[in-house]
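# Examination of the molecular architecture
One-letter residues, chain by chain:
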Amino acid sequence: MSVRSCKSFNGTLLAHNRTAAGRQARRGPVQTVCLRSAQGSRSSKTRSQPLPLKAAGKRQQANVAVVSPLEAPPAPQERVDKKSRKKVEPIKLKIDDQWYNVGPWASNHPGGVQFLQLMDGHDATNVFYALHSYGPNGSEKALKILNKLPKCAPPEGETLASERDFGLKGAETSKESFQEFRKRLEEEGWFNRSVLQEARFLGVVVGLFGAGTVAAWNGWDLAAIVALGLGSTQAGWLGHDYIHGRGKWCEAMRPLGSLFNGHSGMWWTTKHSLHHSFTNDEKHDGDVMMEPFFFLRPPAESGRDDSLARKFQHFYMYPLLSSTFLFWRVESLRTVYNGLQDGESWAKEEAGFLALNYLWMLSLGPGVALSHVLLAGFIVGGLVTATHQSEEIYGSDGERREFIDAQFSGTRDAICEFGPLEEWIWGGMDTQLEHHLFPSMPRYKYHKLRPLVKEWAESNGCDFRASPSTKILKDNFSTLKDVALHELLSDLQKPH
């Protein structure tokens, strides 16, 4: 578990200082709990190195470090030749105190083979309980599959995986503390869904889409754009909640994103699982790494190719982020098309919902259809990146962080300053840390959960990072500006 010291700075931190410590200090510890335990500071020497991906089929993507614009790499489509499935190499991961060989089953993993390969040789306990159905969060589907998988011995030369991944002494104690925290929340019913709350959020989405559609059909274009843009934003948050949620209700509602926004659930599940499992890992988290469109570190520091547009990225940031939903639509169509080519049943179902969405889009007229998508993309794209991009970015040197550590070091909560309307627009993503720790929990419970997470952080020496929403957005803009002007600021600092 990450243990850090916190420093308060007066004045402006030099913009080109992109180290993790500088990044944290620059953000400012607004409402931040910062404790230092007796174990000492983080040691990067004990970090595990990323494991090479194994071949997973003729069309499996081999390099997950390549990122695409506006949040996500194309979702890897797992196409393993049935004749070769018996020859899949072992993939060993640890859940609780047991090692499993998931290699023979990997091609059936809904999150993709790629994800399992990245967890090979690691303790996946917290990732499993965060992202899978294991009983208290509404379904036991994943747990039943896990119990059928072959158990195996640890990888050769394996030490305590949790200690290696944390890189800290006493990490096992912190891990056990978090598992006890989760069990407490399970017993208290935090993962249970409220019929009234579910109906309220779904009713708002249907109401906004209905009102916007009527307005568009009557020629009230501005009203239609606003209503549909807000409706699309809320449908995005709600669809996101159903993708993470477990149980019959969430499974039944997963097509909502395809029907209302033209977003493939399969594409979203694959790329978003990487984001949650490797938060702010610049090699694997496509939700925050968007080069060559946005740079979070100067190329001189990262060693990656530069872009002529980088020097202007703080100017085109929000105009380009407005195309977020358009990009997601393109990636969704590509994912479904590839699935249809392979005869996947899920692709046929999603293709039907996408077809209904585009037929409805045609009825709106091109102006309303395009504008409401841009408005929703502007809102969602601007908010979801802000709570991560100015936090610690890691992974360039092979550093690997355990799940809980990655969430606390790479995520910041937003304190809404303008009341319930702003909280509604954020759609629960103002409680980003709570969501990342417990993604299958209904989002309408995160605000009440926040004090408990903060209390747990105090007890375990973790940073609970929270700042006013306006400061988070300002700092995100400054992050991009700092990297854009890196060379100029470096020259100004040189002695003359």
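Shown above is the structure to which this text applies.
Residues numbered from 1 in each chain as written. Predicted model: local features only at pLDDT ≥ 70, side-chain atom pairs only at ≥ 80, totals over all residues. Heavy atoms only, no water.

### Points about a negative patch on the surface
Where like charges cluster on the molecular surface, the negative patch consists of Asp96, Asp97, Glu176 and Glu180. Under the relative-accessibility criterion, Asp96 is labelled partly exposed at 33%. (Patch = residues over 30% accessible without salt bridge, like charges linked within 9 Å, V, L, I, M, F, W, Y side chains within 5 Å. Areas by Shrake-Rupley, 256 points an atom, 1.4 Å probe, with all protein chains shown as cover. Salt bridge = Lys/Arg side-chain N within 4 Å of Asp/Glu carboxyl O. Lys, Arg positive; Asp, Glu negative; His and termini not counted. Charge placed at Lys NZ, Arg CZ, Asp CG, Glu CD. Buried < 20%, exposed > 50% of the residue type's maximum accessible area, 1.4 Å probe, protein only.)

### Brief notes about the pattern of salt bridges
By the definition in use, this model includes 17 salt bridges. Among the ionic pairs, Asp241 bridges to Arg193, the shortest N-O distance being 3.2 Å. Of the two residues, Asp241 is situated in helix H8 (residues 221–244) and Arg193 in the loop between helix H6 (171–187) and helix H7 (195–217); the sequence distance between them amounts to 48 residues. Judged by its relative accessible area of 5%, Asp241 falls in the buried class. With its nearest N and O atoms 3.5 Å apart, the salt bridge here joins Asp463 to Arg465. (Helix = DSSP H or I, 4+ residues; strand = E, 2+ residues; numbered from the N terminus.)

### Quick look at the packing of aromatic side chains
Under the defined criterion, the tally for this structure stands at 20 aromatic pairs. Ring geometry for Phe209 versus Phe260: centroids 4.8 Å apart, planes at 75 degrees, classification edge-to-face. One end of the pair, Phe209, is in helix H7; the other, Phe260, is in helix H10 (residues 256–261), with 51 residues separating them in the sequence. Assessed through its relative accessible area of 14%, Phe260 is described here as buried. Taken together, the aromatic side chains of Phe178, Phe181, Phe191, Phe408, Phe438 and Trp456 make up a single cluster linked through ring pairs. Its end group placed over the ring of Phe201, Arg200 keeps NZ or CZ at 4.5 Å from the ring centre. Directly above the ring of Tyr358 sits Arg329, whose terminal nitrogen or CZ lies 5.1 Å from the centroid. (Phe/Tyr/Trp six-rings, centres within 6.5 Å; stacked < 30°, edge-to-face > 60°. Lys NZ or Arg CZ within 6 Å of the ring centre and 35° of its normal.)

### Some remarks on the pairing of strand E2 (residues 98–101)
Of the strand pairs in this sheet, strand E1 (residues 92–95) and E2 are connected by four bridges, and their pairing is antiparallel. Counted as the bridge partner of Ile95 is Gln98 from E2. (Pairing = 2+ DSSP bridges.)

### A word on a nonpolar patch on the surface
Side chains of Leu259, Leu356, Leu359 and Leu362 sit close together on the surface and give an oily, nonpolar patch of about 410 Å² of accessible area. Considering each element in turn, the nonpolar patch owes the most residues, three residues, to helix H15 (residues 345–364). Here Leu362 falls in the exposed class, since its relative accessible area comes to 68%.

### So, unusual backbone geometry
Across the junction of Glu291 and Pro292, the peptide omega takes the value 10 degrees, indicating a cis bond. Looking at the element boundaries, Pro292 is found in the loop between helix H11 (265–277) and helix H12 (299–302). Here the phi dihedral of Asp96 falls at roughly 55 degrees; this positive angle occurs in a residue that is not glycine. As for its placement among the helices and strands, Asp96 is situated in the loop between E1 and E2. A positive phi angle is found at Asn280, which is not glycine, with a value near 65 degrees.

### Comments concerning the nonpolar core
Phe181, Leu185, Phe408, Phe438, Leu449 and Val453 are the most contacted members of the largest nonpolar core, which totals 44 residues. A total of six residues in this core trace back to one element, the largest contributor, which is helix H20 (residues 446–460). Residues Phe201, Leu228, Met253 and Trp360 belong to the second largest nonpolar core, which totals 40 residues. (Core = buried A, V, L, I, M, F, W, Y, C linked by side-chain atoms within 4.5 Å.)

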